[in-house]
Amino acid sequence: MKSTFIALSAAIVAISVFGMNKPDYIKHAMQSLSLADAEEPVALSPRLVQQSDSGVTGVNAPVFREIKRSARPVLDTVVTAATAATVDESALRYFASRGDTARLQAEISRLKALYPDWVPPKDPLAVPQNEDKQLETMWDLYAQGRYAEVRKAIAERQIAEPAWKPPADLIDRLTVAEARTRLINASDLKQYDTVVRIGSETPSLLTCSEVDVLWRVAEAFFRTDKAQRATDAYSYILNNCQNAAERLATVQKAAAILPAKSVEDLLAKEKTAPDGTMEFDSIRDDLARRFVAEANADGKLVVPPQYLARVEHLAETGGLASDALLLGWYHLPRGDMEAAEKWFRKARDKEDTASASQGLALTLIDRNDQLAAEDTMYRWRDDSKDAKAVYLAATANLLALEPPVAISGEVLKRIAAEVIKSRDASTAQQFGWYARALNQPQTALQWFRAALGLKLDDEPSAYGLAVTYQQLDDLKGLSEIQRLWAGRSERIAKVGEVEKPETANRQLPVANETVAVRRQPRKVVTSQDVEYDQQEQVAVTRPRRTVSADRGCKSTINPQTLAPEAALTRGWCLMERNRPMEAAAAFEVGMLGSSAKTREDAAYGQSLAYLRAGLSAKAAVSAIKAPQNRQRAFELQQAILADKAVAAFDAGRSREAILILDQLRQIGPERTDLLSLRGYAYLRLKRYADARRVFEALAAIGNRDGQRGLGILYQIFNDKD
């Protein structure tokens, strides 16, 4: 009973601070927190009473408690341990004189709980006025929230009157009010451990009358990685508090931070209104939208089916294009292109926006309808950087189609103008290949040169220039491009060499081979307004080509426009062409795949790409983006450590290099080249005995680095002599 009295007293004190609009609510709070003779408190959650799991070291976490309801009527009063004969009614007169009826009623309830035999006065204003003017001033300061001034006034009076003691009621109220202020300040400053600590030290704040404090403590639990305790705190409010607006706000606040499953558990606690409606119906639609939006921002999240179905119903029956957009962007990164296209089209039908057109264009690109994708995005191409990127990806893919498709002169002209305006090397390069496909090598030369002017290291454009020079028998131009790319591109160096039939790739039509060409409008505008001629379907003769019909990954495109599986394939192709940074970007898209195998391969490929580029730190991050099998994990670990060791040695950090090599030696035999690196690291650190031991071991197997190291040591010691 003692613990019950303490809990009840604290709750009533807290209630009296803020006040209530209805006296009946106080009676309800008393009945909820009181005990009949046989009642016992029941912990809301076992997790909340585990002392060792507190969010703050050495401090008990706040404990929320609810009380078993007795089947028999509960009395208005509670038997307490209070024995004082005199009841301090000064607060009654104080609140009554200021017309603060809410606090007046709360104070009456508090005093009745403490003194069951006490009868409240019929007229609180008739209570004899406190002749203590200083105490009246303290109460006035307290009512204004000037708690520091109250403390100061108490201290000054105790110095002046050592025998004077402030009323216990004032001290209790002041302590709770100060704790509330500190907790709110800590919450505003995001000092969540402090919020939990203050809540645990002031249990009287953890009541329905302090629902704002409960919200803040719940958030503090979540921010300190205790999501279940946060859920328990929100559950406490829904299980015990009756204010409809506060209950609704509780669910809204919980939904802002808790996962969907926890929010669903809270929603199950809703009550049925007298008219038969459920109290949380008004926010279920918004919650469903929020869950889908959050999943759109994080591709790993999966929205529960009931919420997805709710948004689908809203999109089908409502008039908002935004609902259909949410669904389109939800399905797109998850590879369900059919569903994504359906919802983007619905959104676009209701309201043609950049977002709807961009999403639709991406689905069209995925199913290789590049012409429709270009047309969809042309209007919105300048809306944002992303919109421009999607438009240019569609144009590049359109020009890269095999066999080439018929494109109207108007479309070709606007694509060309946009390429020049946007300085897009990728589409410029594809214009070059498109011109070659239409047997217009001079136009192809202009586009390949333009692409190289926009991107000096664009090897595919340089290669296109080389094969076009060869086609035109421009040996001087071919020789110059080969000189510029010497040592950087093996295939450019080999342009002009005679290929053996058994090793050559599938060739395009050879010299004097007659092929049918469909009628195609061939108007392409360059900076010099070069035009293709219109041509009916005729037989034409094409010069011999040494370009493979399968362009593979020679063109530069934005991998974000590809499906994960296609991006993965492109990544490996780029690795074969020794373009590791482009490969890494493609593998990043591959990691969005729905298949675990696709994600594993993409993470493995990206690690290898970064290693080839000399970025071991990024390779290490990529290696853990998806689980790898044991052999791959071992290979990556070895490669990453080896790369770090070499980088440390090259940077002059020999001690660090040796530490990394020691790590490597723990997981497998040390390679000869790394053993040599160890020897030279010892040499730099003047650990000559260790260096000699390494170099002698290498020299014994005929390794030249070992022999060279021994020679250096010989010179060092001979010079000393």
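*Asks:* Is there a simple way to think about the overall build of the chain in this case?
*Replies:* Tallying secondary structure elements over the chain gives 34 helices and four strands in all. Put simply, the chain has 721 residues, and 48% of those count as buried. If you sum the accessible surface of the chain, you get close to 36400 Å²; carbon and sulfur atoms cover 52% of it.

*Asks:* Sorry, what's going on with the pattern of salt bridges here?
*Replies:* Note on pairing: side chains with opposite charge can pair once their charged atoms come close. Evaluation of the coordinates by the stated rule reveals 44 salt bridges. Ionic pairing is found between R197 and E201, a salt bridge with its closest N-O pair at 3.4 Å. One end of the pair, R197, and the other, E201, are both in helix 8 (residues 192–201), four residues apart, so they sit about a helical turn from each other. Its relative accessible area of 47% is what places E201 among the partly exposed residues. Within this structure, R381, D382, K388, E418 and K421 form a network of salt bridges that share partners.

*Asks:* Please explain the packing of helix 32 (residues 672–684) against helix 33 (residues 688–700) as it appears in this structure.
*Replies:* For any two helices packed against each other, the geometry is given by the interaxial angle and the distance between the axes. At their nearest, the axes of helix 32 and helix 33 sit 8 Å apart, and the two run at 155° to each other. Looking at the two axes, helix 32 sits roughly antiparallel to helix 33. In this structure, helix 32 meets helix 33 at a crossing whose hand is left-handed. Here T672, L675, S676, R678, G679, Y680, Y682 and L683 of helix 32 lie close against helix 33, whose contacting residues are Y688, D690, A691, V694, F695 and L698.

*Asks:* Is there a simple way to explain the state of the cysteines in this structure?
*Replies:* Each disulfide consists of a covalent bond between the sulfur atoms of two cysteine residues. This structure, assessed with the given rule, holds one disulfide. Covalently, C208 is tied to C241 through a disulfide, its sulfur atoms 2.0 Å apart. Its S-S torsion of approximately -90° makes the covalent link between C208 and C241 left-handed. Note that C208 is positioned in the loop between helix 8 and helix 9 (211–223) and C241 in the loop between helix 10 (227–240) and helix 11 (244–257), a separation of 33 residues in sequence. Judged by relative accessible area, C208 falls into the buried class, the value being 14%.

*Asks:* What is the right way to look at unusual backbone geometry in this model?
*Replies:* The phi torsion of most residues other than glycine is negative, and most of the peptide bonds are trans. Look at K190: it is not a glycine, yet its phi comes out positive at around 60°. Examined against the element boundaries, K190 turns out to sit in the loop between helix 7 (168–188) and helix 8. Even without glycine at this site, K686 takes up a positive phi of about 65°. Taking relative accessible area as the criterion, K686 reaches 61% and is therefore assigned exposed.

*Asks:* Just checking my understanding: could you explain the packing of aromatic side chains for this structure?
*Replies:* Taken as a whole and judged by the stated rule, the model has twelve aromatic pairs. When the centroid spacing of 5.9 Å and the interplanar angle of 55° are considered together, the rings of Y378 and Y391 count as tilted. On the criterion of sequence distance, the pair formed by Y378 in helix 18 (residues 370–378) and Y391 in helix 19 (residues 385–400) is long-range, its members being 13 residues apart. Its relative accessible area of 0% is what places Y391 among the buried residues.

*Asks:* Would you mind going over the side chain of R284 with me for this structure?
*Replies:* Relative to the helices and strands, R284 resides in helix 13 (residues 281–297). If we ignore the near neighbours within four places in the chain, the residues touching R284 are L267, E270 and R310.

*Asks:* Can you walk me through helix 20 (residues 409–422) in this structure?
*Replies:* An α-helical segment advances 3.6 residues per turn. Residues three or four places apart therefore align on the same side. With 14 residues, helix 20 should reach 20 Å at 1.5 Å per residue; the first-to-last C-alpha distance of 20 Å fits that figure. Listed in full, the buried residues belonging to helix 20 are G409, V411, L412, R414, I415, A416, E418 and V419. Structurally, helix 20 contributes buried residues whose contacts are with helix 18, helix 19, helix 21 (425–437) and helix 22 (441–454). Directly after helix 20, the chain includes R423, whose backbone phi takes a positive value near 55°.

*Asks:* So what exactly am I meant to see when it comes to the environment of P120 here?
*Replies:* Its place among the elements puts P120 in the loop between helix 4 (101–114) and helix 5 (133–143). In this structure, the C-alpha to C-alpha distance between P120 and E89, residues 31 residues apart in sequence, is 8.8 Å.

*Asks:* Would you take a moment to explain helix 11 for this structure?
*Replies:* Along its 14 residues, helix 11 runs 21 Å from first to last C-alpha, staying within 8% of the 20 Å computed at 1.5 Å per residue. For helix 11, the elements touching its buried residues are helix 9, helix 10, helix 12 (260–267) and helix 13. The N-capping residue of helix 11, defined by a side-chain oxygen 3.1 Å from the backbone nitrogen of A245, is N243.

*Asks:* Would you take a moment to explain the packing of helix 15 (residues 321–331) against helix 16 (residues 337–350) for this structure?
*Replies:* Packing of helix 15 against helix 16 leaves a shortest axis separation of 8 Å and a crossing angle of 155°. For the element pair helix 15 / helix 16, the angle class is roughly antiparallel. For the pair helix 15 and helix 16, the sense of crossing is left-handed. Contacts from A321, A324, L325, L327, G328, W329 and H331 in helix 15 reach A339, A340, W343, F344, K346, A347 and K350 in helix 16.

*Asks:* What should I look at first to understand the confidence of the model for the chain in this one?
*Replies:* Of the residues in the chain, 78% have a pLDDT of 70 or more, and the chain-wide mean is 76. Element-level pLDDT for the chain is lowest in strand 4 (residues 539–542), with a mean of 29, against a maximum mean of 94 in helix 9. Here residues 1–59 scores under 50 on pLDDT; set against residues more than four positions off or in separate chains, the count is 123 contacts. A low-confidence stretch, residues 65–85 (pLDDT under 50), is modelled with 42 contacts involving residues beyond four sequence positions or located in other chains.

*Asks:* How should I be thinking about the environment of I171 in this particular structure?
*Replies:* Assignment of secondary structure puts I171 in helix 7. On a C-alpha basis, the gap between I171 and R151 in space is 9.1 Å, while along the polypeptide they are 20 residues apart. For I171, the contacting residues outside a window of four places in its chain are R151, I154 and P166.

What counts, and at which threshold
- Sequence order as written defines residue numbering, which begins from 1 separately in each chain.
- Residues qualify for local features only when their pLDDT is at least 70, as the model is predicted, and side-chain atom pairs are given and counted only at 80 or more; totals for whole chains, interfaces and linings, by contrast, use all residues.
- Note: side-chain values were computed over all heavy atoms of the structure, leaving out hydrogens and water.
- Secondary structure elements are defined from DSSP: runs of H or I of at least 4 residues count as helices, runs of E of at least 2 residues count as strands, and each element is numbered from the N terminus.
- Exposure categories follow from relative accessible area, calculated using a 1.4 Å probe and restricted to protein chains: below 20% of the type maximum is buried, above 50% is exposed, and the middle band is partly exposed.
- Values of accessible area rely on a 1.4 Å probe in the Shrake-Rupley scheme; residue burial ignores everything except the protein chains shown.
- By salt bridge we mean one thing: a side-chain nitrogen of Lys or Arg within 4 Å of a carboxyl oxygen of Asp or Glu.
- Note on geometry: axes are lines fitted to C-alpha atoms, helical ones only across the stretch in contact, with angles between N-to-C directions running from 0 to 180 degrees.
- Each angle gets one of four labels, with under 35 degrees taken as roughly parallel, over 145 as roughly antiparallel, 65 to 115 as roughly perpendicular, and the rest as oblique.
- Helix crossings fall into two classes, left-handed where the near helix is turned counterclockwise from the far one by less than a right angle and right-handed where it is turned clockwise.
- Residue contacts are counted whenever heavy atoms from the two residues lie within 4.5 Å of one another.
- Note on terminology: pairs of cysteine sulfur atoms within 2.5 Å are recorded as disulfides.
- Here a pair means two rings of Phe, Tyr or Trp (six-membered ring of Trp) with centres within 6.5 Å. Their orientation is stacked below 30 degrees between planes, edge-to-face above 60, and tilted elsewhere.
- The span expected for a helix works out to 1.5 Å for each residue beyond the first.
- N or O atoms closer than or at 3.5 Å make up a polar contact, with two conditions inside protein: a donor-capable atom paired with an acceptor-capable one, and, for residues adjacent in sequence, both atoms drawn from side chains.
- Per-residue confidence from the predictor is reported as pLDDT, a score between 0 and 100.

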